[in-house]
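Examination of the molecular architecture
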Amino acid sequence: QVQLVESGGGLVQPGGSLRLSCVGSGFMFRTSGMSWYRQAPGKERELVGQIASLGQSTDFADSVKGRFTISRDNAKNTVYLQMNSLKPEDTAMYYCSIHWGSRYWGQGTQVTVSS
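Residues numbered from 1 in each chain as written. Predicted model: local features only at pLDDT ≥ 70, side-chain atom pairs only at ≥ 80, totals over all residues. Heavy atoms only, no water.

Thoughts on the overall build of the protein chain
Stated precisely, the cut-off is as follows: Helical segments are the DSSP runs of H or I of at least four residues, strand segments are the runs of E of at least two, and each set is numbered from the N terminus. In this treatment the radius of gyration is a C-alpha quantity, and the globule benchmark scales as 2.2 Å times the residue count to the 0.38 power. Relative accessibility thresholds used throughout: buried, under 20% of the residue-type maximum; exposed, over 50%; partly exposed, between the two (1.4 Å probe, protein chains only). Only heavy atoms enter the contact rule, under which two residues are in contact if any of them lie within 4.5 Å. Here the accessible surface of atoms and residues is derived via Shrake-Rupley with a 1.4 Å probe, and residues count as covered only by protein chains that are part of the display. For this count, His and the chain ends are skipped, Lys and Arg are scored as positive, and Asp and Glu as negative. Every charge is mapped to an atom, namely NZ of Lys, CZ of Arg, CG of Asp or CD of Glu.
Looking only at helices and strands, the protein chain features 0 helices and 11 strands. Expected size for 115 residues packed as a compact globule is a radius of gyration near 13 Å; at 13 Å, the protein chain falls within 12% of this value. Its C-alpha atoms give the protein chain principal-axis dimensions of roughly 40 × 25 × 20 Å. Burial status across the protein chain gives 41% buried among its 115 residues. Once local pairs closer than 6 in sequence are excluded, the contacts in the protein chain between residues at least 24 apart make up 52%. When the accessible area of the protein chain is evaluated, it comes to approximately 6100 Å², of which 46% is carbon and sulfur surface. Distance from the positive charge centre (11 side chains) to the negative charge centre (8 side chains) of the protein chain: 5 Å.

A look at the packing of aromatic side chains
Cut-off, in case you're wondering: Working definition: a ring pair exists when centres of Phe, Tyr or Trp rings (six-membered ring for Trp) sit within 6.5 Å. Plane angles under 30 degrees give stacked, over 60 give edge-to-face, the rest tilted. Two limits define a charge over a ring: the Lys NZ or Arg CZ must be within 6 Å of the ring centre, and within 35 degrees of the ring normal.
Overall, the coordinates contain 4 aromatic pairs when judged by the stated rule. On the basis of an interplanar angle of 50 degrees and a centroid distance of 6.4 Å, the ring pair of Phe27 and Trp100 is categorised as tilted. Within this pair, whereas Phe27 is found in the loop between strand E3 (18–25) and strand E4 (34–39), its partner Trp100 is found in strand E9 (residues 92–100), the two being separated by 73 residues in sequence. Taking relative accessible area as the criterion, Trp100 reaches 37% and is therefore assigned partly exposed. One aromatic cluster in this structure is built from Phe27, Phe29 and Trp100. Of note, Arg45 hangs over the ring of Tyr95, and the distance from its end group to the ring centre comes to 4.0 Å. The ring of Trp105 has Arg45 lying over it, and the distance from NZ or CZ to the ring centre is 4.5 Å.

Thoughts on the sheet that holds strand E1 (residues 3–7)
Sheet strands associate in pairs through backbone hydrogen bonding, adopting either a parallel or an antiparallel arrangement. Basically, it comes down to this: Here a strand pair is declared whenever DSSP counts at least two bridges between the two strands. All axes here are fitted lines through C-alpha atoms, helices being fitted over the stretch that makes contact, and every angle between N-to-C directions spans 0 to 180 degrees.
Taken together, the 4 strands give an open sheet; going across it, the order is E1-E3-E8-E7, and neighbouring strands pair in antiparallel fashion. In the strand order of this sheet, the two ends are held by E1 and strand E7 (68–73), each with one partner. Between one strand axis and the next, the sheet turns through 15 degrees on average, direction left out of account. With 6 bridges joining them, E3 and strand E8 (residues 78–83) adopt antiparallel strand pairing. Among the inter-strand pairings, Cys22 is bridged to a residue of E8, identified as Val79.

Considerations on the side chain of Asp90
Here is the rule we go by: For the purposes of these results, a polar contact is taken to be a pair of N or O atoms within 3.5 Å, where, inside protein, one atom must be able to donate a hydrogen and its partner to accept one; residues adjacent in sequence count only when each atom of the pair is a side-chain atom.
Residue placement: Asp90 occurs in the loop between E8 and E9. In this structure the side chain of Asp90 is engaged in a polar contact, spanning 2.8 Å, whose partner is the side chain of Arg67. In contact with Asp90, other than residues within four places in its own chain, are Arg38, Val64, Arg67, Phe68, Ser85, Val111 and Val113.

What to know about the side chain of Ser97
Within the secondary structure, Ser97 is located in strand E9. Given the relative accessible area of 0%, Ser97 is considered buried. Here Arg103 takes part through its side chain, which lies 2.8 Å from a polar atom of the side chain of Ser97. Ignoring any residue separated from it by four or fewer positions in sequence, one finds Ser97 in contact with Leu4, Gly33, Met34, Ser35, Tyr37, Arg103, Tyr104 and Trp105.

Read these as geometric descriptors, not functional statements.
Have a look at this one:
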């Protein structure tokens, strides 16, 4: 069974940083691209960024370029989302996702940016 477990969310002040983690199992992690999405209340889910299977390429939404980075440790079946210079508009539930026959989602981890 595909399983994705996110962690690392919390409350942070504007300008602060958080690192989210996603541990995957039940699929071939090392050959799978990984994605991070987020969804704020009343808004549609949006793609934050993606990382290729070996980390050879990444891309990001314009809203987070220059502030967020994605990395992965395939030996640990883990992908990370490093979030810097956080803004209140970054407040959302953050999800990691893979496409493995179908698209799979984790339970999400809440990020709240507020003073």
